[in-house]
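Read off the chains here:
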Amino acid sequence: MGLGCMAMSGLYGPGKDAESLATIRRALDVGITLLDTADVYGSGHNEELVGRAVRGRRDEVVIATKFGFVRDQHGRPTGERDIDGRPEYVRAACEASLRRLGVETIDLYQQHRVDPLVPIEETVGAMAELVAEGKVRHLGLSEAQPEDIRRAHAVHPIASLQSEYSLLERSVEDEVLSVCAKASIGFLAYAPLVRGLLADTLPALGTADDSDTRTGGRFPRLAPENRAANSALVSVIRDIARNHDATPGRVSLAWLLSREQPVVPIPGTRRIAYVEDNAQAPDVLLSGRERDLLDTLAQQVHGDRYGGDAKASTWVSPVQA
């Protein structure tokens, strides 16, 4: 189990650094030692936060960060390039991340999105140089497609792929997971709780802070027109959770952990209580009947992953960026 740190930098409403620092440290205490961040989250704030949290505990932590989105200091697109995979940018981005994190080496350095204007061989070649120099230990990709994964892996071993995967979002099962399995590439599942929906922790409609991007049109599955139908699906999870004296979030994560191919969920939160709950997901052992029942939920989901002009390949919140 990992911890996604993105929400600590303003994506789902204002965060408090003291609370976030305490949450990261509590995660380490309960055995969640993979911390996933990115240079674009909070325009560097998130990496600085993670760096502060792990000071004095560096040997206990696997730090995973990402590069690729180009934003100005206010989190706005620069207008020149939305994604940059040029070798010179890779190096500059890595150096900046190392400074913000306050570490000598990044454990897992991931390309946040594939740059369509730069051959992935060039980008991964530059990332491989960072490995040779000891600035990075392992390389990863995020939301890459099967052919991108194959081409990247041919240049340098890719340790992991990160993409959205949950009870309600299973598109990676079509081909991506099999490509990863054949190449012995690990898989990090982001948004495994569909941004709080599967954990039954979403704020009620009309009560969220204006800066909480879950209230806009970016995530149709959480929008008012789909919320009731998708919340009804969560009732199935609640019923199973009662059988295990567990929470819906724990059951949803347990389903991911029960998949045939190993998956590392990285649920995001800034609250200690949720970290403690997520850490207990491996203790939930689902029966075959329960897994079969949960398997049907994705066929009934209402709404797309992303809305408007947003695409999984290019989207990043202007708040977090």
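Residues numbered from 1 in each chain as written. Predicted model: local features only at pLDDT ≥ 70, side-chain atom pairs only at ≥ 80, totals over all residues. Heavy atoms only, no water.

An unreviewed UniProt entry annotates the protein as Aldo/keto reductase originating from Streptomyces aureus.

Engineer: How do you make sense of the sheet that holds strand E2 (residues 34–36) when you look at a structure like this?
Structural biologist: One open sheet accounts for eight strands, arranged E1-E2-E3-E4-E5-E6-E7-E8; its pairing is parallel. Looking at strand neighbours, the two that pair on one side only are strand E1 (2–4) and strand E8 (264–265), the edges of this open sheet. Here E2 runs beside strand E3 (residues 62–67); their pairing, made up of three bridges, is parallel. Note on E3: the bridge partner recorded for Leu35 is Ile63. Across the sheet, helix H3 (residues 87–101) is in contact with E3, strand E4 (106–111) and strand E5 (136–142); its angle to E4 comes to roughly 140 degrees. (Pairing = 2+ DSSP bridges. Helix = DSSP H or I, 4+ residues; strand = E, 2+ residues; numbered from the N terminus. Contact = heavy atoms within 4.5 Å. Axes fitted to C-alpha atoms, helices over the stretch in contact; angles between N-to-C directions.)

Engineer: Any chance you could explain helix H7 (residues 224–243) here in plain terms?
Structural biologist: In an α-helix, one turn spans 3.6 residues; hence positions three or four apart end up facing the same way. A rise of 1.5 Å per residue sets the reference length of H7, with its 20 residues, at 28 Å; its end C-alpha atoms lie 30 Å apart and thus fit the reference within 8%. Taken together, the buried positions of H7 are Asn226, Arg227, Asn230, Leu233, Val234, Ile237, Ile240 and Ala241. Those residues of H7 hidden inside the fold are in contact with helix H8 (248–257) and helix H10 (288–295). At the C-terminal side of H7, Asp245 shows a positive phi close to 50 degrees. (Expected span 1.5 Å × (residues − 1). Buried < 20%, exposed > 50% of the residue type's maximum accessible area, 1.4 Å probe, protein only.)

Engineer: How do you make sense of the packing of aromatic side chains when you look at a structure like this?
Structural biologist: What characterises a pair of aromatic rings is the spacing of the ring centres plus the angle enclosed by the ring planes. What the rule picks out here adds up to four aromatic pairs. Ring geometry for Phe67 versus Tyr109: centroids 4.9 Å apart, planes at 25 degrees, classification stacked. Of this pair, Phe67 sits in strand E3 while Tyr109 sits in strand E4; the two residues are 42 residues apart in sequence, bridging distant segments of the chain. When sorted by exposure, Phe67 lands in the same class as Tyr109, which is buried. Ring geometry for Tyr165 and Trp255: centres 6.0 Å apart, planes at 70 degrees, overall edge-to-face. With a gap of 90 residues between them, Tyr165 in the loop between strand E6 (158–164) and helix H6 (176–182) and Trp255 in helix H8 connect regions that are remote in the sequence. Of the two residues examined, Tyr165 and Trp255, each falls in the buried class. Connected via pairs of aromatic rings, a cluster forms that spans Tyr165, Phe187 and Trp255. (Phe/Tyr/Trp six-rings, centres within 6.5 Å; stacked < 30°, edge-to-face > 60°.)

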